[in-house]
Amino acid sequence: MSFVPFSIGIILGSAAAAPLGQRFGRAAIATGAAAITLTLASLLAVVAHYGTALHTWQLAPSLALTGIAFGIISGALADIVLGQVPARLAGPASGVVNTITQLGSVVAVTVTGAIFFGTLGNHPHPQTFVHATTHSLWYLTASCAAAAIGCSLLPPRRPADPATQPSADTPSTTTSHP
């Protein structure tokens, strides 16, 4: 139940992703990554403040905002990447985007888990959990900060090519290519 606010945030952020990605391009992704960096830093502050007296509801605001930013990033990134490929390659490109997104998530969870359990050690006690959580959050915060900076390497939004867009008076036809 602790991560329900994060999940709800992803749903809300995903709904806003396409319009924000189309309007602001890579700036939407950079802003989202910076927002995640700040919300992870806020989680660090909450964990440091409450320590072993922490209740899961105290994490909810930061987790919800992190989810919103994550939803925006995921959707806007897909929109930007898919906008760079010809329409005939949109299906395979979408698969690659989804695969890379999932791979990134798996790597983040794996590395974060390794840091957490490596720090936790063989004989954990309540304060060790706080210490392990703090170490894990530092890794995530630094990773998101690097991603925010790395957004400058994304291609700028490419304007739509009128030649590849169907006009309102031209009926849409599907052709198959061998």
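Calculation criteria
Residues numbered from 1 in each chain as written. Predicted model: local features only at pLDDT ≥ 70, side-chain atom pairs only at ≥ 80, totals over all residues. Heavy atoms only, no water. Helix = DSSP H or I, 4+ residues; strand = E, 2+ residues; numbered from the N terminus. Areas by Shrake-Rupley, 256 points an atom, 1.4 Å probe, with all protein chains shown as cover. Phe/Tyr/Trp six-rings, centres within 6.5 Å; stacked < 30°, edge-to-face > 60°. Buried < 20%, exposed > 50% of the residue type's maximum accessible area, 1.4 Å probe, protein only. Expected span 1.5 Å × (residues − 1). Bend = angle between axes of the 7 residues up to and from the residue. Core = buried A, V, L, I, M, F, W, Y, C linked by side-chain atoms within 4.5 Å. Contact = heavy atoms within 4.5 Å. pLDDT = per-residue confidence, 0-100. Patch = residues over 30% accessible without salt bridge, like charges linked within 9 Å, V, L, I, M, F, W, Y side chains within 5 Å. Salt bridge = Lys/Arg side-chain N within 4 Å of Asp/Glu carboxyl O. Polar contact = N/O pair within 3.5 Å; in protein donor to acceptor, adjacent residues only side chain to side chain.

Draft legend 1. A look at the overall build of the chain. Scanning the chain from terminus to terminus reveals five helices and zero strands. Each helix and strand of the chain, ordered N terminal to C terminal, gives the series α-α-α-α-α. Taken as a whole, the chain presents about 11,200 Å² of accessible surface, with 70% of it coming from carbon and sulfur.

Draft legend 2. Molecular detail of the packing of aromatic side chains. As enumerated under the stated definition, the model contains three aromatic pairs in all. Aromatic side chains F116 and F117 sit 5.0 Å apart centroid to centroid with 90° between the ring planes, which places their arrangement in the edge-to-face category. Of the residues examined, F116 reaches a relative accessible area of 17% and is grouped as buried. Judged by relative accessible area, F117 falls into the exposed class, the value being 57%.

Draft legend 3. Spotlight on helix α1 (residues 4-24). Compared with an ideal rise of 1.5 Å per residue, which puts 21 residues at 30 Å, α1 spans 28 Å between its outermost C-alpha atoms and is within 8% of the ideal. Of all the bends in α1, the greatest reaches close to 45° and is centred on A17; the proline P19 follows between one and four positions later. Directly after α1, the chain includes G25, whose backbone phi takes a positive value near 60°.

Draft legend 4. Inspection of the nonpolar core at higher detail. In this structure, I29, I36, L40, L43, L59, I73 and L137 are the most contacted members of the largest nonpolar core, which totals 20 residues. Only α2 (26-50), α3 (60-82) and α5 (126-150) provide two or more residues apiece to this core. At eight residues, α2 tops the list of elements feeding residues into this core. Once residues lying within four places of it in the same chain are set aside, the contact partners of L59 are L43, V46 and L54.

Draft legend 5. How the structure looks around the confidence of the model for the chain. Across the chain, pLDDT averages 85, with 87% of residues at or above 70. Across residues 163-178, confidence stays below pLDDT 50; counting only partners more than four residues off in sequence or on other chains, it has one contact.

Draft legend 6. Just a nonpolar patch on the surface, in detail. On the surface, M1, V4, I8 and L12 cluster together into a nonpolar patch covering about 450 Å² of accessible area. Structurally, the position occupied by I8 is in helix α1.

Draft legend 7. How the structure looks around the environment of T141. As for its position among the elements, T141 is in helix α5. Leaving out residues up to four positions away in the same chain, T141 has contacts with T37, L40, A41 and L44. A polar contact is formed between the side chain of T141 and the backbone oxygen of L137, at a distance of 2.7 Å.

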